[in-house]
Amino acid sequence: MDAAHTPAAMLVTNYVFPNDLHVHWSMMIVLYPYITGLVDGAFIIAALYYLFDVKSLRPVARFSLLFALAFLAIATLPLLLHLGRPERNFNMLLTPSPSSAMAGFGYIYAVSMGVVVFIILFVYREDLVELRATSKGWLQLLYRALTFDSIDLSEDARKLDQKIIRFLVGIGIPITVVLHGYVGFIFGGVKANPTWSTPLMPVIFLFSACVSGISAIILAYIVIRKAKGRSIDHECIKTCIKTLTLFFIMAFTFEMLEVFSHSYLKSGYHHMVEGLLNGPLASSFWLWQVKICSVIPLFVLGVMVLFTINKHIYNFTAAVVSALLLLQVLIMRWNVVIGGQLMSKSARGYTEFHPEWFDKEGIVAVIIVMAIPFIILFVLSRIFPFWTADNEINVK
Amino acid sequence: MKILNPSPEMDRRSFVKKVLNGTIAGSLFLAWPMGGGSFETPEEIPGIKGKDYDLLNQEFAFIVDITRCIGCGSCCVADKREYNVPDGNYRTWVERYVKGFSDQIYVDSPHGGLDGYQHPRTDIDEEIRDTFFVPKLCNMCKEAPCVQVCPVGATFISPDGFVLVDEKRCVGCAYCIQACPYSARFLNPITKVAEKCTWCYHRVRKGLLPACVEVCPTGARKFGSMKDETSEVYKILKGPGVLTVLKKEMGTFPALYYKGARREVI
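Residues numbered from 1 in each chain as written. Chains lettered and ligands numbered in written order. Predicted model: local features only at pLDDT ≥ 70, side-chain atom pairs only at ≥ 80, totals over all residues. Heavy atoms only, no water.

Caption draft 1: Just the overall build of chain B, in detail. Along the backbone of chain B there are seven helices and 11 strands. Over its C-alpha trace chain B gives a radius of gyration of 24 Å, far above what one expects of a compact globule, namely 18 Å for 266 residues. The principal-axis extent of the C-alpha atoms belonging to chain B is close to 95 × 55 × 45 Å. By residue count, 49% of the 266 residues in chain B fall in the buried class. Taking the contacts inside chain B whose residues are at least 6 apart along the sequence as the reference set, 64% of them involve residues at least 24 apart. (Helix = DSSP H or I, 4+ residues; strand = E, 2+ residues; numbered from the N terminus. Rg over C-alpha atoms; globule rule 2.2 N^0.38 Å. Buried < 20%, exposed > 50% of the residue type's maximum accessible area, 1.4 Å probe, protein only. Contact = heavy atoms within 4.5 Å.)

Caption draft 2: Quick peek at helix α2 (residues 27-50) of chain A. End to end, α2(A) covers 35 Å across 24 residues, agreeing with the expected 34 Å (1.5 Å per residue, within 8%). Across the 24 residues that make up α2(A), a large majority, 24, are buried. (Expected span 1.5 Å × (residues − 1).)

Caption draft 3: A look at helix α3 (residues 58-73) of chain A. Between its first and last C-alpha atoms α3(A) spans 24 Å; for 16 residues at 1.5 Å apiece the expected length is 22 Å, and the two agree. With 14 of 16 residues buried, α3(A) lies mostly within the body of the structure.

Caption draft 4: Spatial organisation of the sheet that holds strand β1 (residues 60-65) of chain B. Residues and elements named next belong to chain B. Strand order in the open sheet formed by four strands is β9-β1-β11-β10, with mixed pairing between adjacent strands. Of all the strands in the sheet, just β9 (221-225) and β10 (243-244) have a single pairing partner and so form its edges. Sheet analysis places β1 next to strand β11 (residues 256-259), joined by four bridges and oriented parallel. Bridge pairing links F62 to L256 in β11. (Pairing = 2+ DSSP bridges.)

Caption draft 5: Inspection of the packing of aromatic side chains at higher detail. Applying the stated criterion to the full structure yields 35 aromatic pairs over all chains. Plain terms: the ring middles of B:F60 and B:F223 are 5.5 Å apart, the flat faces sit at 10 degrees to each other, and that makes the pair stacked. Of the two residues, B:F60 is situated in strand β1 and B:F223 in strand β9; the sequence distance between them amounts to 163 residues. In this pair, the class of B:F60 matches that of B:F223, namely buried. Among the aromatic residues, ring-to-ring pairing joins A:F63, A:F67, A:F71, A:Y221, A:F374, A:F386 and A:W387 into one connected group. Directly above the aromatic system of A:W387 lies the positively charged group of A:R225, at a separation of 4.8 Å from the ring centroid. When the ring centre of A:F205 is taken as origin, the NZ or CZ atom of A:R333, which lies over that ring, is 4.8 Å away. (Phe/Tyr/Trp six-rings, centres within 6.5 Å; stacked < 30°, edge-to-face > 60°. Lys NZ or Arg CZ within 6 Å of the ring centre and 35° of its normal.)

Caption draft 6: The environment of B:E43, seen in detail. Residue and element names in this part refer to chain B. Take E43: it is sitting in the loop between α1 (8-31) and β1. As for E43 and L208, which are separated by 165 residues in sequence, their C-alpha atoms are 6.3 Å apart. With residues near it in sequence (within four places) discarded, E43 still touches I48, K49 and G207.

Caption draft 7: Broad picture of the interface of chain A and chain B. Of the residues lining the interface, 42 residues belong to chain A; the matching set on chain B comes to 56 residues. For the chain A and chain B pair, buried surface summed over both sides reaches about 3900 Å², with 53% attributable to carbon and sulfur atoms. Our enumeration of links across chain A and chain B arrives at zero salt bridges. Here chain A is connected to chain B by 28 residue pairs in polar contact (both at pLDDT 80 or more). Of all the elements in the fold, those that place two or more residues in the side of chain A that touches chain B are α5 (91-94) and α9 (155-188) of chain A. For the side of chain A that touches chain B, a count of residues per class yields 22 nonpolar, 13 polar and seven charged. (Buried area = accessible area lost by both parts, 1.4 Å probe. Salt bridge = Lys/Arg side-chain N within 4 Å of Asp/Glu carboxyl O. Polar contact = N/O pair within 3.5 Å; in protein donor to acceptor, adjacent residues only side chain to side chain. Nonpolar A, V, L, I, M, F, W, Y, C, P; charged D, E, K, R; others polar.)

Caption draft 8: Quick peek at the sheet that holds strand β4 (residues 128-136) of chain B. Residue and element names in this part refer to chain B. Pairing within the open sheet is antiparallel, and its three strands lie in the order β3-β2-β4. Two strands in the sheet have a free side with no partner beyond their single neighbour: β3 (105-108) and β4. Taken pair by pair, the neighbouring strands of this sheet meet at an average axis angle of 20 degrees, ignoring direction. Alignment of strand β2 (residues 93-100) against β4, held across eight bridges, turns out to be antiparallel. (Axes fitted to C-alpha atoms, helices over the stretch in contact; angles between N-to-C directions.)

Caption draft 9: Structural detail: the packing of α3(A) against helix α6 (residues 105-123) of chain A. Residue and element names in this part refer to chain A. Contact geometry of α3 with α6 gives a least axis separation of 10 Å together with a crossing angle of 145 degrees. Like other packed secondary-structure pairs, α3 and α6 cross with a definite hand, here left-handed. Across from R62, L65, L66, L69, L72 and A73 in α3, the residues of α6 making contact are Y109, S112, M113, V116, V117, I119, I120 and V123. Along the lines of polarity and charge, the residues of the contact of α3 with α6 split into 12 nonpolar, one polar and one charged. (Left-handed = near helix turned anticlockwise from the far one by under 90°.)

Caption draft 10: Spatial organisation of the packing of helix α11 (residues 234-265) of chain A against helix α13 (residues 282-306) of chain A. Residue and element names in this part refer to chain A. Contact geometry of α11 with α13 gives a least axis separation of 10 Å together with a crossing angle of 145 degrees. In the crossing of α11 with α13, the sense of the turn from one axis to the other is left-handed. Residues I241, K242, L244, T245, F248, I249, F252, E255, M256 and V259 of α11 lie in contact with α13, whose contacting residues are F285, W286, Q289, V290, C293, S294, V295, P297, L298, L301, M304 and V305. Here the residues of the contact of α11 with α13 sort into 17 nonpolar, three polar and two charged.

Caption draft 11: Highlighting the pairing of β2(B). Residue and element names in this part refer to chain B. Within β2, eight of the eight residues are buried, which leaves the element mostly enclosed by the surrounding structure. Of the two faces of β2, the one holding W93, E95, Y97 and K99 and the one holding V94, R96, V98 and G100 are both buried throughout. Taken together, the four bridges between β2 and β3 define a ladder with antiparallel strand orientation. Of the residues in β3, the one forming a bridge with Y97 is V107. From the end of β2 to the start of β3, which pair antiparallel, there are four residues, and D103 there has a positive phi angle of about 70 degrees.

Caption draft 12: Region of the structure containing the nonpolar core. In this structure, A:W25, A:F67, A:I241, A:F384, B:F162, B:W199 and B:F223 are the most contacted members of the largest nonpolar core, which totals 195 residues. With 19 residues, α2(A) is the single largest residue contributor to this core. In contact with A:W25, other than residues within four places in its own chain, are A:H82, A:M102, A:I186, A:F187, A:W196, A:V337, A:I338, A:Q341, B:C173, B:A174, B:Y175 and B:Q178. (Core = buried A, V, L, I, M, F, W, Y, C linked by side-chain atoms within 4.5 Å.)

Written out as structure tokens, the structure is:
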């Protein structure tokens, strides 16, 4: 940046390097960290119940695991849609370059997928054994495979199941943390882009991931239970909201710390970043991400945690604040991924991004990608019931 | 005594014949010793043509002399033709810097300078102090971020120091494009793989200069071997003149040097 003359001088002509006019990482790369974030947060809820014995989370524990699996199953889809040559995607697994952060994705993804699947199979083993006994034909064959062909439900077997679940969740936590922290590092490791290049990036991504995942579980639980006309476990929602509050305070603090550090240190490309946040991103960052989707939820969460509120109002507010936070994380991903690329490496100007409707990375494709996990979740619910009875206390 | 008096037509014909014969003979006489008699390529980089190319014992450098560039755009045209570069993407481009008396810098590069800078800018209100052109291309970093981030090893540094892209291996993830501090890369809209300037590696291996260097009418682009002590780049780089690299703070250690680059150049 020694070439910069004066701060204002850099931006006057809005010169963008000719190859910087095009935004190469578009909406699919916004979705990818969003999806892995949802997986991460949902897994945290399950881990709090299965490993840290937070009993009040029992009604959503199994659902969170299935939710995590449904989204994890399509986490590679946005990446495949993004790749110029998707047919070569296995090159990343077959001939990875050890120096690249991105090369680890296939392995980390495969391991986390395996761990989540095995946790679900062990958590559901008793139900699956019972379902196996009552099912016929191909469904029975499926349940036989899913129960590892074992119908042993003795006390010892159940104890062993619990031990295995605790072990798997125990190793699952660092794996999901690595899965998402590493996504943050993919951005944080790009020194050419001053808005990405910060060691805080994996931390910001990780906490916002927990926020989005927990919010998604709260919202999905309330909506599905309401739609089915079933009761909502108030204690469970309260615990979720408290956990969400903790993670959101952390996430928002680090997001603001990043901006504050830039503006206080005034080093290097600060003026470019400042111009970006106050220029092309003024609306999506300050208005939507910070004011509407962060400050308001923070205030609401504070009230929910500190004061006693009517149960019905509390649950309704929980759903609304969760929806806002889901939006917050999506906008944050947008501002990081696409916003970061609006800044030309010429340090003299900004480009523009116009999403297309029918591109393979377009708006319609985004809607389809985000709809698929819900279809998967529906299919999973046929095999692995979210709730075995209305009385959630009996749910294993 | 009969005086022969040839017709004027005959006279003219023989004259034209003689002139033509003389011209052809003279041209051949001049052109033949210069390699015109064969279809072999000339030797533009000494020590490569017809010899075993020692991959492990090569070092090349590229120097852009900003004080010589006239912004004609010939280099960009040559490059586009050499590689059939799709419109809107640039392996190399030329920037125009205009400096006003208020020290304000105005930079532009319409079509990457492909059409040459034939007309002055009309959108600048103040009096112009100075104008100069800055050609840009791959910096051939010794610590190349694009090589580091490529997940499949499609972008690599050859043993002779060239940062190259294996288009049969590239998955088109564009991580290298994000990582390049100089924005020298793009995703080819036709092949869907990453592409960038190679300093015309295929030409260099035949002892030829990069296309842009060959066509530069003013010698603003210089290329040569640092193993050849008689090469121009060797003499400039080992000499007392001031040379700079772009974005030194990135720690990429480019093999592309700039002579006469102002501090405004990024």
